[in-house]
Amino acid sequence: MDWQALALTLRLATVTTAILLAVAMPLAALLVLGRGRWRAALEALATLPLVLPPTVLGFFLLVLLGPRTAIGRAITALLGHPLAFSFSGLVVGSVIYSLPFAVQPLVAGFAAVEPGLVDAARLLGAGPVRLVRTLFVPLARRSILAAAVLTFLHTVGEFGVVLMLGGDIPGSTRTLSIVLYNQVEAFDYAAANRTAAILLALSATALAAIYAGSQLRGGRRA
Amino acid sequence: MRTIRFLPIFAAIFFAAALAAQTPLRVAAAADLQPVLPPILAQFQHATGIRAEATYKSSAVLTSQILNGAPFDVFLAADFSFPQRLIDARAAQGASAGQPILYAKGTLVLWTRNDAHLPAPSLDLLRGPALHRLAIANPQSAPYGRAAVAALHSLGLYASLQSRLATAENIAQAAQFVYSGNADAGLISMTSALTPQLRQAGRYFILPRSLYPPLRQGAVLIQATHQREAAQKFLNFLLSPAIQAQLAASGLTPAH
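Remember, it's a predicted structure, so these values are computed and weren't measured experimentally.

### Observations concerning the interface of chain B and chain A
Frequently, the measure chosen for interface size is the accessible area removed from exposure when the parts meet.
Part 1: The interface of chain B with chain A comprises 26 residues on the first partner and 19 residues on the second.
Part 2: Across the chain B to chain A interface the summed buried area is about 1,800 Å²; carbon plus sulfur atoms make up 54%.
Part 3: The tally of links from chain B across to chain A stands at 0 salt bridges.
Part 4: Where chain B touches chain A, the interface holds 8 residue pairs in polar contact (both at pLDDT 80 or more).
Part 5: Secondary-structure elements contributing two or more residues to the side of chain B that touches chain A are α3 (59-67), α4 (81-88), β8 (165-168) and α8 (171-179) of chain B.
Part 6: Examining the composition of the side of chain B that touches chain A, we find that 5 residues originate from one element, α3 of chain B, more than from any other.
Part 7: Here the residues of the side of chain B that touches chain A sort into 9 nonpolar, 13 polar and 4 charged.

In structure tokens, the structure reads:
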């Protein structure tokens, strides 16, 4: 068992989830509270990674953010190395790739908050930040949990972006899904079985946990 | 009268349908052949009327796909070990001696971009500290990657370069890692280095052949093929003097 890869995968998923929750919460609030044409455009943009092949994303990150473009050179100067073949590169890729998995549940959760409450809070002078803090976050806790778990698992299961951008470097870009791929390629089906079992167990347990949690809450509410 | 006028259209539709119904010859090809094979497939179709399509991946990926029933007719690997594995598993057929058929030998080169601000590619470049990222193919799955690691071992540089390696899934991706500028040098196949894009963007240095075991590229016929005759024709075509000369011009060493 490749413990280093497991640790790296969990670290990548944790960092990605933390960043994405911080980004997605204001974004989701903006989408729920916003009016006008830009809102649809923003929502489309936030959903795009869901339908875009990961290879497109990998290509953009590799070429557009690589050392051959001005943005890429700026990033390289900032980090001291190109984004590709590094943990930070994978974080950037994962944040974009998993964005919809954080935004969608949050938008659904925030939109389900009683509009009367939102209007009342607004009448009492609550600004958007206060609305999110005192209304959306406490009332949409379940959606926030769902967003976190889905983001985490989607990042754990990420493959295409890592394959295009990672360079298979142990301890910095060799994630479990890459290990599994290498094991299959090396005809080591026994090891591949073990790696696959861990990925499966991780995902199944986490999903079962959120569904059990939501059932419990649903039961209490009824 | 009206029917006659439409006859050519019917004929065309019928012909198109018949053409579509005929499955092409499916060639599983090692990634180093990606720049080499397309014109050969076109010439093959021109010469025989047989349409052939190629899929390019690392030899290991193709082997494991074929072992699991992928519908290929011919496998052109980048070494002997992977096609031999298929022969041993009775999934493919080589020459009469139970060995893959040698169709070319591969050459490993060190390639850098002109704008990488590095000295010209040489063994000294590998030895020096200027190199931050060296792209290679996965040594487990790609014969060129295995050759690259063997060469670094022969030079006694593997330990010092290990932390600076970026490993690509196959040799074409290794070329792409360095062509895109994300890695500053790469041990790639000469077939990639000789493509117009890479010729224009960078320089290469042919690694001394004594540094790595020869990359003898072997071909096999897949056992489950329904187009044995066409597949055999394709192998004969590949081994013909004209095509062998063409391989030599695109970075491979002819089989004989």
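### Comments concerning the pattern of salt bridges
Residues and elements named next belong to chain B.
Part 1: Evaluation of the coordinates by the stated rule reveals 6 salt bridges over all chains.
Part 2: Two residues, Asp79 and Arg146, come together in a salt bridge whose shortest N-O distance is 2.4 Å. One end of the pair, Asp79, is in the loop between β3 (74-76) and α4; the other, Arg146, is in helix α6 (residues 143-154), and 67 residues separate them in sequence.
Part 3: Between Asp124 and Arg127 there is a salt bridge, and its shortest N-O distance comes to 3.1 Å.

### A look at the environment of Arg73 of chain A
All names here are of chain A.
Part 1: By the secondary structure assignment, Arg73 is in helix α4 (residues 70-79).
Part 2: In this structure Arg73 comes out as partly exposed when scored by relative accessible area, which is 47%.
Part 3: Separated by 25 residues in sequence, Arg73 and Leu48 have C-alpha atoms that sit 26 Å apart.
Part 4: With near-sequence residues (within four places) excluded, Arg73 lies in contact with Gly66, Pro67 and Arg68.

The rules behind each value
- Residues numbered from 1 in each chain as written.
- Chains lettered and ligands numbered in written order.
- Predicted model: local features only at pLDDT ≥ 70, side-chain atom pairs only at ≥ 80, totals over all residues.
- Heavy atoms only, no water.
- Contact = heavy atoms within 4.5 Å.
- Buried area = accessible area lost by both parts, 1.4 Å probe.
- Salt bridge = Lys/Arg side-chain N within 4 Å of Asp/Glu carboxyl O.
- Polar contact = N/O pair within 3.5 Å; in protein donor to acceptor, adjacent residues only side chain to side chain.
- Helix = DSSP H or I, 4+ residues; strand = E, 2+ residues; numbered from the N terminus.
- Nonpolar A, V, L, I, M, F, W, Y, C, P; charged D, E, K, R; others polar.
- Buried < 20%, exposed > 50% of the residue type's maximum accessible area, 1.4 Å probe, protein only.

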